[in-house]
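# Structural overview
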Amino acid sequence: MNGAVTLRLLGEDRRITGGPFDSWDGLGIGVCLDPGARLRPSATIDLPVEDYTAPTQEALVGALAALLAAWRQGDAVVHVGCRAGFGRTGTFIAALARMAGHADPVGWTRRCYNGEAVETAAQAASVAALDPGAVWAAYRTAIGEEAGMYALYYYPDNASTFIHMLLRELGVPFELRLVDRKSDAHNSAEYLRLNPLGQIPVLVDGDLVLTETAAIALHLVDRHPECGLAPPVGSAERAHFYKWMMYLTNTLQPEHLKRAYPHRHVTNPDAVEDVRATAFRRLDGMFDFIEAELGAGPYLLGDTVSAADFFLLMLVMWGSRMARRPASLPAIGAHATRMLVRPAVAATLAAEGLSPPFV
Ligand SMILES: N[C@@H](CCC(=O)N[C@@H](CS)C(=O)NCC(=O)O)C(=O)O
């Protein structure tokens, strides 16, 4: 054995040992990355990877989903191993750290498991490219869960963008329904039946028709707790998660809306510019506050990503229209850069036709 790490996955702390596969005592689940391993107990998940190479994304996603599904059956211990137990083992452990939401899974694995973990650039790249949404989708298939189809009423670069990113990150099936604001579709009788306020987004989840961006996000993280996009209910971290969700929805987002719709806040048309300028100034102050609170972050809650980080990213992207772009602040810029490379975020921006620079 080389070492052991603990990662919070599927709502529980999981202990994972790593090292040569043939050194495993055979108890629990084994993840075998060594094509030449002699030991083959029945509870083995095979992911054969040659020395100094990286698994394909498809194979990595399949093995991660199989392990998550096996964990769900009980509290089994897990041993991950290849021949020496550094490079390929470290790569798999780093992939698990990514699934647990760590900001720098390779760095984390080198710090917590083994300094030599993840030996090649290709192995590091395979961890960076991992799409958690693809793993969650494969996991649901593996456990036979019938995920219902969501429908998201959206318009590119509207508040729906945050929910769109979340749906992809959760790996759930969804359908996008465009509400064409150019033709005033958000004020059509049909849309007003869904949201009497005529605002975007609306999420349809079976019989449930839900409005209000933050409420939709909270509903989604509750519906899919396995994905860990919100800390455990009742924990101090969960309380901070609520704090950020509330701040973003009741303070930052409304100020953006004041900037976008200043005429709604005046009776005297001459005051429109003053309202707009004041909103810009207040937004600068709010982003200064977030910059200070984020600090080293790297995420709003510290080392692991949550739904609130996707919300912040969207509000930072909206700020690319500001004289001082919020992403020009160092901590917010680093946060946005980290979030933008997540496969779910990149896919959302591509689908909505949104292109950088946001940072
Ligand atoms: N409180 C709502 C606000 C949503 C909102 O204002 N959406 C904008 C697009 S980003 C919209 O639909 N604007 C159209 C309008 O207000 O007429 C939420 O968070 O969902």
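Look up a bit, the structure's there.
Below is a summary of the structure that appears in this document.

### Considering the sheet that holds strand β8 (residues 202-205)
One open sheet holds the four strands; their spatial order is β7-β6-β8-β9, and the pairing between them is mixed. Of all strands in the sheet, those bounded by a partner on one side alone are β7 (174-178) and β9 (208-211). Strand-to-strand, the axes of this sheet are offset by a mean angle of 20°, without reference to chain direction. By the bridge criterion, four bridges tie strand β6 (residues 150-154) to β8 in an arrangement that is antiparallel. Paired with Tyr150 across the two strands is Asp205, which belongs to β8.

### Focus on the environment of Ala121
For Ala121, the location among the structural elements is in helix α4 (residues 121-128). Taking the C-alpha atoms as reference points, Ala121 and Thr53, separated by 68 residues in sequence, lie 9.4 Å from one another.

### Some remarks on the pairing of β6
Buried residues dominate β6, accounting for four of its five residues. Pairing analysis gives five bridges linking β6 to β7, with the strands arranged parallel. Across the sheet, residue Tyr150 finds its bridge partner in β7, namely Phe174. Remark: the β6/helix α6 (residues 160-170)/β7 crossover connection has right-handed handedness.

### Observations regarding unusual backbone geometry
In this structure, the amide linkage connecting Ile200 to the following residue, Pro201, adopts the cis form with an omega of 15°. Structurally, the position occupied by Pro201 is in the loop between α7 (189-194) and β8. Looking along the chain, the bond that leaves Gly297 and enters Pro298 is cis, with omega of 0°. Considering the arrangement of structural elements, one finds Pro298 in the loop between α10 (272-294) and α11 (307-318).

### Examining helix α8 (residues 213-223)
All of the buried residues in α8 are Thr213, Ala214, Ile216, Ala217, Leu220 and Val221. The buried side chains of α8 occupy one side of the element, clustering within an arc of 160° when seen end-on. Buried residues in α8 make contact with α6, β8, β9, α9 (236-260) and α11.

### Considerations on helix α12 (residues 330-340)
Every buried residue belonging to α12 is among Ile332, His335, Ala336 and Met339, and all of these are buried. The arc that holds every buried residue of α12, seen down its axis, measures 95°, which confines them to one face. Along α12, the residues that are exposed and aim more than 90 degrees away from the buried face are Pro330 and Thr337. The inward-facing, buried residues of α12 abut α10, α11 and α13 (343-352).

### Describing the site of the ligand
Surrounding the ligand, one finds Asn158, Ala159, His186, Gly198, Gln199, Ile200, Glu212, Thr213 and Leu257. In the shell around the ligand, the residues fall into three nonpolar, five polar and one charged.

### A short note on the pairing of β9
Examined bridge by bridge, β8 and β9 share four bridges and lie antiparallel to one another. Bridge pairing links Leu203 to Leu210 in β9. Hairpin connection between β8 and β9: a loop of two residues separates the two successive antiparallel strands, and Gly206 in this loop has a positive phi of roughly 65°.

Calculation rules
Residues numbered from 1 in each chain as written. Predicted model: local features only at pLDDT ≥ 70, side-chain atom pairs only at ≥ 80, totals over all residues. Pairing = 2+ DSSP bridges. Helix = DSSP H or I, 4+ residues; strand = E, 2+ residues; numbered from the N terminus. Axes fitted to C-alpha atoms, helices over the stretch in contact; angles between N-to-C directions. Buried ≥ 20, exposed ≤ 12 C-beta atoms within 10 Å, placed from the backbone. Right-handed = clockwise from strand over helix to strand, strands pointing away. Arc of directions from axis to C-beta. Contact = placed C-beta atoms within 7 Å. Near = placed C-beta within 6 Å. Nonpolar A, V, L, I, M, F, W, Y, C, P; charged D, E, K, R; others polar.

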